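A closer look at the structure
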Amino acid sequence: MLESFVKTLADHLLFVMCVFILGSSIYLSIKTRFIQVRLLPLLLSHLKGCFNKGNSSGSKHSLPPYKALFTAMSTTIGISSIVGPVIAIRLGGPGALLGFLLTAFFGSAATYLEVHLSVLYRKKLPDGRIMGGPMQYLSHLLSPRAAKWYAGCCMILMMVWSAAQANQLSAVLSSPSLGKWQISPIYSGMAVSILVGLTLLGGVRRVGSFSAKLVPVMFLLYLGSSFWIIGSNLDQLGKVFTDVFTSAFSPYALASGSLVGGTVAALRWGIFKGVNATEAGLGTQTIPHSLAETTDPRAQGALAMVSTFSAGALTFLSGCVALITQTWQDPSLPLGISMVTASYQQYFSVAGVVVVSIIAFLFGFGTILGNSFNGGQCYGYLTQNRKQRYYILMTLIMICLGSLGEVQMVWSLVDIVLCFMAVPHMFGLFKGVRLLKEQIKLA
């Protein structure tokens, strides 16, 4: 009874919070005169130029701009990017894809602003370490107490989100469809924990280097696989887009006979899963960006929008694949990665299961690593960078426990914490956009 109440409360709070974040992102887009569109030329220019590795200062406490971007992308592009749209479509109809597009487009303005602020207000310590992220600008814009509140909530969220990703990852690797290649959750949990621990102990440079290699591989692998399925069904794209818009404004019948869709259902699940996929407005992806070797907050903010746009593109592709293959309407498939696997099996047979498993492993591990790093920065803010090994140990234990079994009530409680973290952060952005008004107008 208590678990059911907590889950219901968390679902309602999260929906209200996600609508608030989308509404706030629309407000920020208007206040910045749609900076996500105006800065596209700068974004493309900086994206090309920042890959010049000679620009790195060589400091062990900072990252080249492109590695900061990939470290941030490793958290936003996770298993939720490929599973979230399929779940949202099952629960809210094809129209839920509109929610993903809205959160990606308008959320990119919030991403720009929060990264701009994180670079502007970051603090460099005497030993060369950089203290950045939402904690620094919230301390200036709201209060030190608000910054500590954010850091505490974010640290808990990152550890539990890492455990949740480990849970999904272990479910994929232990799937019976893998046959003799399936891996027991206990072994996958231990392996991921060891890899994450070794990478975190290497410091920010090792995390950044690993992410710079991992993110392009997993992004292109999923992109290529999805385009193959979509390219094989170009004649169905018209029907897909028709279903998306029709479902957004009227109910859509599932194969089981039940109705989903309509504006409320589409927005509820599309926005809810869209905010989770892009993380725009939550401030979490600003932490690696604040460690970038740059003196231009505007350029780094523009570069950061690549992460939000990429997450939006992946979720849209995932949704299109689900609509083309119609696996979202199969009542025999449980919610989750199994629906994605079924789509790939239609076009790649047994190899499809292997492809999804590899993609899920790369996406899951990248997100776990990125979340663990972000949580460590929050822990460092609270403890003045003392005894980081305790945080790493707690994180590795959470990853192992998460891989062994899901505790729904724990995830629901943490979702409630997310609401209390995100709302004050967005108010910080409201104040920030007023302070940066002249800079943004000139952008």
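Scroll up for the structure.
Since we're looking at a predicted model, the values are computed, not measured.

1. Observations regarding the overall build of the protein chain
Check the secondary structure of the protein chain and you find 18 helices and four strands. Within the protein chain, buried positions represent 58% of all 443 residues. For the protein chain, long-range pairs separated by at least 24 residues make up 81% of all intrachain contacts whose partners lie at least 6 apart in sequence. When the accessible area of the protein chain is evaluated, it comes to approximately 17,600 Å², of which 68% is carbon and sulfur surface.

2. Quick word on the side chain of S403
With respect to the helices and strands, the residue S403 is situated in helix α16 (residues 388-404). Owing to a relative accessible area of 3%, S403 belongs among the buried residues under this scheme. Dropping the residues within four chain positions of it, S403 is found in contact with A163, A166, N167, S170, P185 and G189.

3. Points about a positive patch on the surface
A contiguous patch of positive charge on the surface is contributed by K31, K431, R434 and K437. Here K431 lies in helix α17 (residues 408-435).

4. Observations regarding the packing of helix α5 (residues 79-92) against helix α14 (residues 297-325)
Each pair of packed helices gets described by two things: the angle between the helix axes and the distance between those axes. Where α5 meets α14, the axes come as close as 8 Å, and the angle between the chain directions of the two elements is 50 degrees. In terms of axis orientation, α5 runs oblique to α14. Here the hand of the crossing between α5 and α14 comes out right-handed. Here S81, I82, P85, V86 and I89 of α5 come into contact with α14, specifically with L314, T315, S318, G319, A322 and L323. A breakdown of the residues in the contact of α5 with α14 according to their chemical character gives seven nonpolar, four polar and no charged.

5. Description of unusual backbone geometry
Here E279, not a glycine, exhibits a phi torsion of approximately 60 degrees, which is positive. For E279, a relative accessible area of 3% gives the class buried. For Q326, which is not glycine, the phi torsion reads 65 degrees and is therefore positive. Here Q326 lies in the loop between α14 and α15 (337-383).

6. Topic: a nonpolar patch on the surface
Among the surface-exposed residues, I183, I186, Y187, M190, L393, I397, L401 and L404 lie close enough to one another that they form a single nonpolar patch of about 770 Å² accessible area. Per-element accounting of the nonpolar patch gives the leading share, four residues, to α16.

7. Examining the packing of aromatic side chains
Going through the model one piece at a time under the given rule, you end up with twelve aromatic pairs. Judged by centre distance (5.0 Å) and plane angle (75 degrees), the ring pair of F105 and F106 falls under edge-to-face. With relative accessibility at 15%, the residue F106 sits in the buried group. Here the aromatic rings of Y222 and Y344 are separated by 6.2 Å at their centres, their planes lie at 25 degrees, and the arrangement is stacked. With Y222 in helix α10 (residues 203-231) and Y344 in helix α15, this pair connects stretches of sequence that are 122 residues apart. Residues Y222 and Y344 agree in their burial class; the two are buried. Of note, R389 hangs over the ring of Y390, and the distance from its end group to the ring centre comes to 5.1 Å.

8. Digging into the nonpolar core
Core analysis: the biggest nonpolar cluster contains 117 residues, and M17, L28, V196, F363, L418 and L429 have the highest contact counts within it. Counting residues per element, this core draws most heavily on α15, at 17 residues. Look past the residues within four positions of L429 in its chain and what remains in contact with it is L28, A110, L113, E114, L117 and Y137.

9. Remarks on the state of the cysteines
Within the structure shown, the criterion is met by zero disulfides. Between C153, a free cysteine, and C154, which holds the nearest cysteine sulfur, the sulfur-to-sulfur gap is 8.6 Å. Unpaired in terms of disulfides, C378 finds its nearest cysteine sulfur in C154, a separation of 3.5 Å.

10. Here's the deal with α5
The terminal C-alpha atoms of α5, which comprises 14 residues, lie 19 Å apart, in line with the 20 Å expected from a rise of 1.5 Å per residue. If you check which residues of α5 are buried, you get I79, S81, I82, V83, G84, P85, V86, I87, A88, I89, R90 and G92.

About the cut-offs
Residue indices follow the written sequence of each chain, beginning from 1 at its first position. pLDDT decides what is reported in this predicted model: residues at 70 or higher carry local features, side-chain atom pairs at 80 or more are listed and counted, and totals for whole chains, interfaces and linings draw on all residues regardless. With hydrogens and water excluded, all non-hydrogen atoms of the structure serve as input to the side-chain values. To qualify as a helix, a DSSP run of H or I must reach at least 4 residues; to qualify as a strand, a run of E must reach at least 2; elements of each kind are numbered from the N terminus. Here the term buried applies to any residue with accessible area under 20% of the maximum for its type, exposed to any over 50%, and partly exposed to those in between, with areas from a 1.4 Å probe on protein chains only. Every residue pair with non-hydrogen atoms within 4.5 Å of one another is taken to be in contact. In short, Shrake-Rupley with a 1.4 Å probe defines the accessible areas, and a residue's cover is counted only from the protein chains shown. Distance thresholds for patches are 9 Å for like charges and 5 Å for nonpolar side chains (Val, Leu, Ile, Met, Phe, Trp, Tyr), applied to residues having over 30% relative accessible area and no salt bridge. What makes a salt bridge here is a side-chain nitrogen of Lys or Arg within 4 Å of a carboxyl oxygen of Asp or Glu, nothing more. The charged-residue count follows a simple rule in which Lys and Arg add positive charge and Asp and Glu add negative charge, with His and chain termini not counted at all. Here the site of a charge means atom NZ of a Lys, CZ of an Arg, CG of an Asp or CD of a Glu. Helix axes are fitted to C-alpha atoms over the stretch in contact, other axes to C-alpha atoms as well, and angles between N-to-C directions run from 0 to 180 degrees. Any angle from 65 to 115 degrees is called roughly perpendicular, while one under 35 is roughly parallel, one over 145 is roughly antiparallel, and all others are oblique. Take the far helix as the reference: if the near one is turned anticlockwise from it by less than a right angle, the crossing is left-handed, and if turned clockwise, right-handed. Lys, Arg, Asp and Glu make up the charged group, whereas Ala, Val, Leu, Ile, Met, Phe, Trp, Tyr, Cys and Pro make up the nonpolar group; the residues left over, Gly among them, are polar. Stacked, tilted and edge-to-face pairs are distinguished by plane angle, under 30 degrees for stacked and over 60 for edge-to-face with tilted covering the rest, among Phe, Tyr and Trp rings (Trp via its six-membered ring) whose centres lie within 6.5 Å. A ring is considered to have a charge above it if a Lys NZ or an Arg CZ atom is located within 6 Å of its centre and within 35 degrees of its normal. The term nonpolar core refers to a set of buried residues drawn from Ala, Val, Leu, Ile, Met, Phe, Trp, Tyr and Cys, joined through side-chain atoms within 4.5 Å. A pair of sulfur atoms, both from cysteines and within 2.5 Å, is called a disulfide here. To estimate the expected span of a helix, count its residues, drop one, and scale the result by 1.5 Å.

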